[in-house]
Amino acid sequence: MSAQKEIIIIGAGAAGLIAAKELSAQYKVTVLEARPEAGGRTTTQYPAPGVHIETGAEFIHGELPITLSLLKEAGIPYHPINGEMYLSENGELKQEEAWIEDWDQLLDHMSKAPETSTMLQLLDQYYPADQFAALRNHVQGYVQGYDLAPLDKVSVKYLYDEWTLEQGTNYRIENGYTSLINYLSKGINLITNQTVQSITWAKDQVTLTTQDRSYTANKVLITVPVNILQNESIQFSPSLPAYTAAARQIGWGTVIKFNLLFKQAFWKRDIGFVLSDETVPVWWTQSADSLILTGWLGGPDAEGLQKDLLEKALSSLANIFNIPNISDLLDQSFIHNWSTAQAIHGGYSYGMPFSEQAKAVLTTPVADTIYFAGEALYTGDSPGTVEAALHNGKEMARKIGAN
Ligand SMILES: Cc1cc2nc3c(=O)[nH]c(=O)nc-3n(C[C@H](O)[C@H](O)[C@H](O)COP(=O)(O)OP(=O)(O)OC[C@H]3O[C@@H](n4cnc5c(N)ncnc54)[C@H](O)[C@@H]3O)c2cc1C
């Protein structure tokens, strides 16, 4: 009998772990992870009994088939989120959805834009800044906040697909996403604190070097965040310039997430989300009995804000809720600035004009030996999510399995 083939998976996020689970019947699988634990951008912290903090992913955005079926398979409870949308304007909180005049017309222009247009090009063509400041501000706020993207890089087609998609119910996992990561990690040969620095390869043979060891296998599946490929933090020998170039055609944004635990709830209990023009503009509540408010600052503004994060968050909340001494009510703060997160350095991907072609390159195996997967390589209706990572990891495992 021939020896079982070996594969190394780099990265123990959602994509790497589901691929490991799928491949373990056919391969001897080893997962190498740079950080001290599995999870990557899907990591829950448990600072006190009964309190959990989602440092990264928090929501399940709709009826997402892989995520929900894994939760069911694992018996992990999840529940729909509720709460109303509020707008903060001139020191007043109003229960209403953000509304953009000319929205339908904007979508119509977007549907007809060339595939290679950026959102800034479209706005400049139809909505000049001197006449449409409010519309442009609103679009910019949304694109930066939700997609983590600057207007001059994000593709119109990418935004059009996102904005015209029916949003279903959103869910949260009862004890956080780490329960799903723990389920996926079961029985997997995972080695943490191993940062892969280089890969020397020939057909069906790879040698990986980390800061203190080397590993060999027949194949390697690389599931690191796309910016690690953009920055060539892993060196290939022979080199793979077409893959690096492709990675650079995929947008990569950053985010700061604030979880502030208060001594008492000073907000109305029906509040779900609050949108504002403050430095930390978006806030949401957790469950009805939780004393945590979660703040979100995404995109170029998050890159620009690297100091006094707690002060900025508290003064945003003080203005929104009209409570000047809000810091007296604070119990603990948990701030996750993803631009400085080890081995990740950012939030998630967004579509640029040539991203789809780039994904086609990156998902083409190199000599049936080197494979790439992860959230940023996914094509479908749920980009930038855990579902995207699971879907892409699973798909790539199927491709590898056939070899
Ligand atoms: C703040 C924030 C909020 C989010 N909110 C949501 C949400 O509500 N819902 C949702 O669905 N998605 C959300 N996302 C996106 C979601 O978390 C990601 O799309 C998904 O977790 C990506 O999984 P992945 O496996 O592709 O990558 P990752 O989770 O990044 O896993 C890649 C792993 O590779 C490791 N690695 C990197 N370099 C090396 C190396 N050289 N050697 C070894 N290991 C290496 C990293 O440490 C990491 O663990 C959010 C993300 C962030 C940051």
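Residues numbered from 1 in each chain as written. Predicted model: local features only at pLDDT ≥ 70, side-chain atom pairs only at ≥ 80, totals over all residues. Heavy atoms only, no water.

If you look the protein chain up in an unreviewed UniProt entry, it shows as Tryptophan 2-monooxygenase from Chitinophaga sancti. Per its UniProt entry, the protein chain bears the Sequence similarities (unreviewed entry) comment "Belongs to the tryptophan 2-monooxygenase family." Under the UniProt heading Pathway (unreviewed entry), the entry covering the protein chain gives this text: "Plant hormone metabolism; auxin biosynthesis." (UniProt positions renumbered as here; feature names shortened; annotations may be inferred.)

A. Representation of the site of the ligand within the structure. Neighbouring the ligand are 40 residues, the closest being Glu33, Arg41, Thr42, Phe59 and Glu375. One of the backbone nitrogen or oxygen atoms of Ala14 is found 3.2 Å away from an oxygen atom of the ligand. Notes on the ligand: free accessible area 1000 Å², of which the protein chains cover 98%. Residue assignment for the shell around the ligand shows that the elements contributing at least two residues are helix H1 (14-23), strand E5 (59-61) and helix H13 (386-401). A per-class count over the shell around the ligand returns 20 nonpolar, 15 polar and five charged. Per-domain counts for the shell around the ligand show at least three residues from each of domain 1 (6-42 + 176-250 + 352-401) and domain 2 (44-83 + 168-173 + 252-340). (Near = heavy atom within 4 Å. Polar contact = N/O pair within 3.5 Å; in protein donor to acceptor, adjacent residues only side chain to side chain. Areas by Shrake-Rupley, 256 points an atom, 1.4 Å probe, with all protein chains shown as cover. Helix = DSSP H or I, 4+ residues; strand = E, 2+ residues; numbered from the N terminus. Nonpolar A, V, L, I, M, F, W, Y, C, P; charged D, E, K, R; others polar. Domains from an automatic or database assignment.)

B. Layout of the side chain of Gln144. Residue position: Gln144 is located in helix H5 (residues 133-147). On the basis of relative accessibility, which here comes to 9%, the residue Gln144 falls in the buried class. If we skip the residues at most four places from it in the chain, Gln144 touches Ala149, Gly298, Gly299, Pro300 and Asp301. (Buried < 20%, exposed > 50% of the residue type's maximum accessible area, 1.4 Å probe, protein only. Contact = heavy atoms within 4.5 Å.)

C. Structural detail: the sheet that holds strand E19 (residues 282-285). One open sheet accounts for seven strands, arranged E8-E7-E18-E19-E20-E17-E21; its pairing is mixed. One side of each edge strand has no neighbouring strand; the edge strands of this open sheet are strand E8 (92-94) and strand E21 (330-337). Averaged over all pairs of adjacent strands, the angle between strand axes in this sheet comes to 20°, irrespective of strand direction. Sheet topology places strand E7 (residues 84-89) next to E8; three bridges connect them, and they run antiparallel. What sits directly across from Leu87, in E8, is Lys94. The sheet contacts of helix H11 (residues 309-321) involve E7, E8, strand E17 (255-262), strand E18 (271-275), E19, strand E20 (292-298) and E21, and relative to E17 the element is tilted by about 65°. (Pairing = 2+ DSSP bridges. Axes fitted to C-alpha atoms, helices over the stretch in contact; angles between N-to-C directions.)

D. A look at the packing of helix H2 (residues 65-74) against helix H7 (residues 178-185). Contact pair H2 / H7: the axes reach a minimum separation of 10 Å and the direction vectors enclose 70°. Classified by the interaxial angle, the pair formed by H2 and H7 is roughly perpendicular. On H7, the residues touching Thr67, Leu70, Leu71, Glu73 and Ala74 of H2 are Leu180, Tyr183 and Leu184. Its residues assigned to classes, the contact of H2 with H7 comprises six nonpolar, one polar and one charged. (Parallel < 35°, antiparallel > 145°, perpendicular 65-115°, else oblique.)

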